[in-house]
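# Examining the three-dimensional arrangement
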Amino acid sequence: METLVLNPAYQPVARIPWQRAITLLFLGKVEVVEAYEDQTIRSVSFELKVPSVVRFLRSLTRRKPVIRFSRENVYARDNGRCQYCQKHVSRAEATYDHVIPRAQGGVTSWQNIVIACVPCNQRKGGRTPEQARMPLKVVPVRPTKLPDSLRVTLSFQKGMPVAWQNWLRDLTYWHGSLDEG
Ligand SMILES: [Zn+2]
C-alpha cells in the first residue's frame, strides 16, 4: 500500500510506502488529506487509518538531487543508446560495459560504466576503447539531471488507489494552467 504525497500547494510530488507516511506524520511534517477507510493501524496508544494522501505542511527545501548509481540510471544517462555505436538498445538488451576493463583495474562507477549493445560489448571484449579502437563519443560522468522522458511521471493509472485520482488529475490541470501563464 502506498501513500500519495502532496506539497503545501496540493500538487503531487511523490508516492511512498504508507509506513514512511506514518513516520512523516509522527514527525509533524505532513497532515492527512485522505485515508484508506478500511485500513486501520492499532497500537496500545493510538488507532489510525492508513493515510492514502498526505500533504507537507511546509515547503520542501530543495536540495541538489543526488542521482543514485544504478543500472536504470546509467541507462537513462546514456539515453538508452549504445555508447560505442549510438544504436538504441532496449533495457533488456542493454549490457553494462566497463570502459576500462576490470582486469585492467577499471572500477564500477559512473565514470567507467556505459551502456553497450551486445555486438559492441563482444567486439570490445576485455580491452580499453583505445585498444579496441572503439572511441567513446561522450565521456561518461555522474549526471546531475536525468532526461525528463525517462523520469517517472505521476499520472493516474489503473490499479492506483481511487483516492489518488482527484489529486493526480489536478497535476494535469496544473501543468496546463502553468503553460498558459
Ligand atoms: Zn553498439
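Preceding this paragraph is the structure being described.
The paragraphs below set out a description of the structure included in this document.

Conventions and cut-offs
Residues numbered from 1 in each chain as written. Predicted model: local features only at pLDDT ≥ 70, side-chain atom pairs only at ≥ 80, totals over all residues. Heavy atoms only, no water. Helix = DSSP H or I, 4+ residues; strand = E, 2+ residues; numbered from the N terminus. Buried < 20%, exposed > 50% of the residue type's maximum accessible area, 1.4 Å probe, protein only. Contact = heavy atoms within 4.5 Å. Areas by Shrake-Rupley, 256 points an atom, 1.4 Å probe, with all protein chains shown as cover. Arc of directions from axis to C-beta. Donors = N, O, S within 2.8 Å, 3.2 Å for Na, K, Ca; no water. Tetrahedral: all angles 85-135°; square planar, octahedral: opposite > 155°, others 65-115°. Core = buried A, V, L, I, M, F, W, Y, C linked by side-chain atoms within 4.5 Å. Pairing = 2+ DSSP bridges.

### Notes on the overall build of the protein
- A count of helical and extended segments in the protein gives five helices and six strands.
- In the protein, the order of α-helices and β-strands from amino to carboxyl end is β-β-α-β-β-α-β-β-α-α-α.
- Counting every position in the protein, which comprises 181 residues, the buried fraction comes to 37%.
- Within the protein, counting contacts between residues at least 6 apart in sequence, those at least 24 apart form 56% of the total.
- Total accessible area on the protein is roughly 12,100 Å²; 53% of this is exposed by carbon and sulfur atoms.

### As for helix H1 (residues 18-26)
- When we look at burial in H1, the residues that qualify are Ala21, Ile22 and Leu24. End-on, the buried residues of H1 take up no more than an arc of 160°, which puts them together on one face.
- Buried residues in H1 make contact with strand S1 (2-6), strand S2 (12-17), strand S3 (30-42) and strand S4 (47-56).
- Just beyond H1, the residue with positive phi is Gly28, at close to 75°.

### Describing the coordination of the zinc ion
- Protein-derived ligands of the zinc ion are Cys82 (SG), Cys85 (SG), Cys117 (SG) and Cys120 (SG), with the metal-ligand distances lying across 2.3 Å.
- Here the zinc ion is ringed by four donor atoms whose angles at the metal span 101 to 116°, and the overall shape comes out tetrahedral.
- For the zinc ion, the single-chain donor residues occur in sequence as C-x2-C-x31-C-x2-C. Highlighted residues: Cys85 in the loop between helix H2 (71-77) and strand S5 (95-98) and Cys120 in helix H3 (residues 118-124), separated in sequence by 35 residues.

### Description of the nonpolar core
- Of all hydrophobic cores here, the largest spans 18 residues; its most connected members are Val74, Cys82, Tyr84, Tyr96, Ile115 and Cys120.
- Mapped by element, the contributors of at least two residues to this core are H2 and strand S6 (113-116).
- With four residues, S6 is the single largest residue contributor to this core.
- In this view, Tyr96 contacts Arg71, Val74, Tyr75, Ile113, Val114, Ile115 and Asn121; residues no more than four positions away in its chain are not counted.

### A word on the side chain of His98
- Relative to the elements of secondary structure, His98 occurs in strand S5.
- Among the residues examined, His98 registers a relative accessible area of 15% and is labelled buried.
- Among all residues touching His98, those that are not within four sequence positions of it are Gly106, Val107, Thr108, Asn112, Ile113 and Lys124.

### A few points about the pairing of S6
- Residue alternation in S6 divides its side chains into two sets, Ile113 and Ile115 and Val114 and Ala116, and both sets are buried.
- Of the strand pairs in this sheet, S5 and S6 are connected by four bridges, and their pairing is antiparallel. Its bridge partner lying in S6, Thr95 is registered against Ala116.

### Observations regarding unusual backbone geometry
- Here the phi dihedral of Asn79 falls at roughly 55°; this positive angle occurs in a residue that is not glycine.
- By the secondary structure assignment, Asn79 is in the loop between H2 and S5.
- We classify Asn79 as partly exposed; its relative accessible area is 44%.
- In this model, Gln86 sits at a positive phi of 70°, which is unusual for a non-glycine residue.

### Regarding the pairing of S1
- Taking burial as the measure, the five residues of S1 include four buried ones, the bulk of the element.
- Note that S1 and S2 share five bridges and pair antiparallel. Within S2, the residue paired with Glu2 across the bridge is Pro17.
- In sequence, S1 turns back onto S2 through a hairpin of five residues, with Tyr10 there showing a positive phi of about 65°.
- Relative to S4, S1 is paired through three bridges, and the arrangement is parallel. Paired with Leu4 across the bridge in S4 is Val53.

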